[in-house]
Amino acid sequence: MLFGHLAVSALAHRYLKVEFVPVMVAGVFPDIVDKTLCQGLHWLPSGRMLGHTLLAFAFSTAVVGLIWGKRTAWSWAVGYLGHLLGDAYSEVPWFYPFVSYTFKPSPDLWENLLKTLLNPVQMTVEILLTIWAVVALRDPIFQLLSRPVSRIMKK
Ligand SMILES: [Zn+2]
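Keep in mind that this is a model prediction, so the values were computed, not measured.

Calculation rules
Residues numbered from 1 in each chain as written. Predicted model: local features only at pLDDT ≥ 70, side-chain atom pairs only at ≥ 80, totals over all residues. Heavy atoms only, no water. Helix = DSSP H or I, 4+ residues; strand = E, 2+ residues; numbered from the N terminus. Buried < 20%, exposed > 50% of the residue type's maximum accessible area, 1.4 Å probe, protein only. Lys, Arg positive; Asp, Glu negative; His and termini not counted. Salt bridge = Lys/Arg side-chain N within 4 Å of Asp/Glu carboxyl O. Contact = heavy atoms within 4.5 Å. 1 Å grid on protein atoms, 1.4 Å probe; cavity = no way out; pocket = protein on both sides within 12 Å on 5 of 7 lines; lining within 4 Å. Points joined across faces, edges and corners; volume = space filled by probe spheres on them. Nonpolar A, V, L, I, M, F, W, Y, C, P; charged D, E, K, R; others polar.

(A) Seen up close, the side chain of E126. Examined against the element boundaries, E126 turns out to sit in helix 6 (residues 120-136). Here E126 is buried and forms no salt bridge, its nearest opposite-charge partner R48 lying at an N-O distance of 8.6 Å. Look past the residues within four positions of E126 in its chain and what remains in contact with it is M1, F3 and G4.

(B) Broad picture of the layout of surface pockets. Roughly 950 Å³ of volume is contained in the largest pocket. If you trace the largest pocket, you find 33 residues lining it, with K35, Q39, R48, Y89 and N112 closest to the centre. For the lining of the largest pocket, the secondary-structure elements that each account for two or more residues are helix 1 (2-16), helix 2 (20-40) and helix 5 (109-117). Of the residues forming the lining of the largest pocket, the biggest block, six residues, is contributed by helix 5. If you add up the space inside the second largest pocket, you get close to 370 Å³. If you trace the second largest pocket, you find 15 residues lining it, with A10, F20, M24, L137 and I141 closest to the centre. Elements supplying a minimum of two residues to the lining of the second largest pocket: helix 1, helix 2, helix 6 and helix 7 (138-154). With five residues, the top contributor of residues to the lining of the second largest pocket is helix 1. A breakdown of the residues in the lining of the second largest pocket according to their chemical character gives 13 nonpolar, two polar and no charged.

Right under this line is the structure:
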(Lines give C-alpha, C1' and ligand atoms only; values in the text may rest on other atoms or scores of the structure.)
Protein backbone atom coordinates (compact mmCIF):
# COMPACT_ATOMS: atom_id res chain seq x y z
CA MET A 1 0.00 0.00 0.00
CA LEU A 2 1.09 3.54 -0.67
CA PHE A 3 1.96 4.63 2.88
CA GLY A 4 4.14 1.59 3.56
CA HIS A 5 6.10 2.08 0.33
CA LEU A 6 6.57 5.79 1.03
CA ALA A 7 7.65 5.00 4.60
CA VAL A 8 10.23 2.44 3.42
CA SER A 9 11.63 4.99 0.95
CA ALA A 10 11.73 7.71 3.60
CA LEU A 11 13.57 5.35 5.96
CA ALA A 12 16.04 4.51 3.18
CA HIS A 13 16.62 8.24 2.69
CA ARG A 14 17.23 8.68 6.42
CA TYR A 15 19.43 5.66 7.13
CA LEU A 16 21.10 4.91 3.78
CA LYS A 17 21.61 8.61 2.95
CA VAL A 18 20.13 8.30 -0.53
CA GLU A 19 18.63 11.27 -2.39
CA PHE A 20 15.09 12.06 -1.29
CA VAL A 21 13.23 12.65 -4.58
CA PRO A 22 14.49 9.65 -6.59
CA VAL A 23 14.08 7.18 -3.68
CA MET A 24 10.52 8.42 -3.01
CA VAL A 25 9.48 8.35 -6.69
CA ALA A 26 11.06 4.93 -7.27
CA GLY A 27 9.37 3.66 -4.12
CA VAL A 28 5.96 4.04 -5.77
CA PHE A 29 6.97 3.79 -9.45
CA PRO A 30 6.17 0.06 -9.92
CA ASP A 31 2.63 0.62 -8.66
CA ILE A 32 2.16 3.79 -10.71
CA VAL A 33 3.10 1.85 -13.86
CA ASP A 34 1.19 -1.34 -13.20
CA LYS A 35 -1.88 0.03 -11.41
CA THR A 36 -2.31 2.63 -14.16
CA LEU A 37 -1.97 0.04 -16.93
CA CYS A 38 -4.17 -2.52 -15.13
CA GLN A 39 -6.78 -0.76 -13.04
CA GLY A 40 -6.75 2.57 -14.88
CA LEU A 41 -6.46 1.66 -18.55
CA HIS A 42 -7.29 -2.08 -18.33
CA TRP A 43 -4.37 -2.93 -20.63
CA LEU A 44 -2.79 -5.46 -18.23
CA PRO A 45 -4.52 -8.29 -16.37
CA SER A 46 -2.61 -7.77 -13.12
CA GLY A 47 -1.57 -4.83 -10.96
CA ARG A 48 1.80 -6.50 -10.52
CA MET A 49 3.26 -7.13 -13.93
CA LEU A 50 5.68 -5.07 -16.02
CA GLY A 51 6.73 -2.59 -13.33
CA HIS A 52 7.25 -5.31 -10.74
CA THR A 53 10.09 -7.08 -12.56
CA LEU A 54 13.86 -7.07 -12.29
CA LEU A 55 13.94 -6.13 -15.99
CA ALA A 56 11.96 -2.92 -15.32
CA PHE A 57 14.12 -2.27 -12.25
CA ALA A 58 17.35 -2.61 -14.28
CA PHE A 59 16.06 -0.67 -17.30
CA SER A 60 14.62 2.24 -15.30
CA THR A 61 17.76 2.43 -13.12
CA ALA A 62 19.92 2.56 -16.26
CA VAL A 63 17.77 5.34 -17.76
CA VAL A 64 17.88 7.34 -14.51
CA GLY A 65 21.66 6.85 -14.38
CA LEU A 66 22.14 8.03 -17.97
CA ILE A 67 20.04 11.14 -17.39
CA TRP A 68 20.87 12.13 -13.79
CA GLY A 69 24.07 10.24 -12.92
CA LYS A 70 25.21 7.44 -10.63
CA ARG A 71 24.19 8.92 -7.26
CA THR A 72 20.61 9.49 -8.41
CA ALA A 73 20.54 6.04 -10.05
CA TRP A 74 21.67 4.47 -6.76
CA SER A 75 18.89 6.30 -4.91
CA TRP A 76 16.39 5.17 -7.54
CA ALA A 77 17.60 1.56 -7.28
CA VAL A 78 17.25 1.57 -3.49
CA GLY A 79 13.68 2.91 -3.72
CA TYR A 80 12.70 0.50 -6.47
CA LEU A 81 14.11 -2.56 -4.70
CA GLY A 82 12.48 -1.41 -1.46
CA HIS A 83 9.14 -1.45 -3.26
CA LEU A 84 9.65 -4.91 -4.75
CA LEU A 85 10.81 -6.34 -1.41
CA GLY A 86 7.87 -4.65 0.32
CA ASP A 87 5.51 -6.42 -2.08
CA ALA A 88 7.19 -9.79 -1.54
CA TYR A 89 4.58 -10.83 1.05
CA SER A 90 2.68 -12.06 -2.01
CA GLU A 91 3.73 -12.96 -5.54
CA VAL A 92 6.06 -10.59 -7.39
CA PRO A 93 6.86 -11.55 -11.02
CA TRP A 94 10.58 -10.87 -10.56
CA PHE A 95 11.73 -12.62 -13.74
CA TYR A 96 8.84 -11.82 -16.13
CA PRO A 97 8.95 -12.01 -19.20
CA PHE A 98 11.76 -14.61 -19.02
CA VAL A 99 9.76 -16.86 -16.68
CA SER A 100 6.08 -17.61 -17.14
CA TYR A 101 3.74 -16.47 -14.36
CA THR A 102 0.04 -17.00 -13.85
CA PHE A 103 -1.31 -13.49 -13.41
CA LYS A 104 -4.50 -13.51 -11.41
CA PRO A 105 -6.94 -10.75 -12.38
CA SER A 106 -6.49 -7.86 -9.97
CA PRO A 107 -9.42 -6.39 -8.08
CA ASP A 108 -10.26 -2.79 -8.90
CA LEU A 109 -8.54 -0.02 -6.96
CA TRP A 110 -11.30 0.41 -4.31
CA GLU A 111 -11.67 -3.33 -3.75
CA ASN A 112 -7.90 -3.59 -3.39
CA LEU A 113 -7.86 -0.68 -0.91
CA LEU A 114 -10.68 -2.20 1.13
CA LYS A 115 -8.90 -5.60 1.15
CA THR A 116 -5.76 -3.90 2.50
CA LEU A 117 -7.65 -1.89 5.12
CA LEU A 118 -9.31 -5.06 6.39
CA ASN A 119 -6.02 -6.96 6.71
CA PRO A 120 -4.90 -6.33 10.32
CA VAL A 121 -1.35 -7.61 9.84
CA GLN A 122 -0.72 -5.48 6.76
CA MET A 123 -2.34 -2.41 8.33
CA THR A 124 -0.25 -2.82 11.50
CA VAL A 125 2.95 -3.05 9.45
CA GLU A 126 1.93 0.00 7.36
CA ILE A 127 1.09 2.08 10.44
CA LEU A 128 4.27 1.10 12.30
CA LEU A 129 6.46 1.85 9.26
CA THR A 130 4.75 5.21 8.81
CA ILE A 131 5.19 6.14 12.49
CA TRP A 132 8.85 5.08 12.34
CA ALA A 133 9.42 7.17 9.18
CA VAL A 134 7.74 10.25 10.68
CA VAL A 135 9.77 9.93 13.90
CA ALA A 136 13.02 9.31 11.99
CA LEU A 137 12.42 12.34 9.76
CA ARG A 138 10.80 14.59 12.38
CA ASP A 139 13.46 17.33 12.12
CA PRO A 140 13.23 17.90 8.35
CA ILE A 141 9.43 17.49 8.51
CA PHE A 142 9.24 20.11 11.28
CA GLN A 143 11.52 22.46 9.31
CA LEU A 144 9.41 22.01 6.19
CA LEU A 145 6.17 22.64 8.07
CA SER A 146 7.54 25.63 9.99
CA ARG A 147 8.78 27.50 6.90
CA PRO A 148 5.39 28.91 5.88
CA VAL A 149 4.67 29.86 9.50
CA SER A 150 7.97 31.73 9.84
CA ARG A 151 7.30 33.54 6.54
CA ILE A 152 3.88 34.58 7.82
CA MET A 153 5.40 35.70 11.14
CA LYS A 154 7.93 37.97 9.34
CA LYS A 155 5.19 39.86 7.47
ZN1 LIG B 1 3.68 -2.90 -5.87
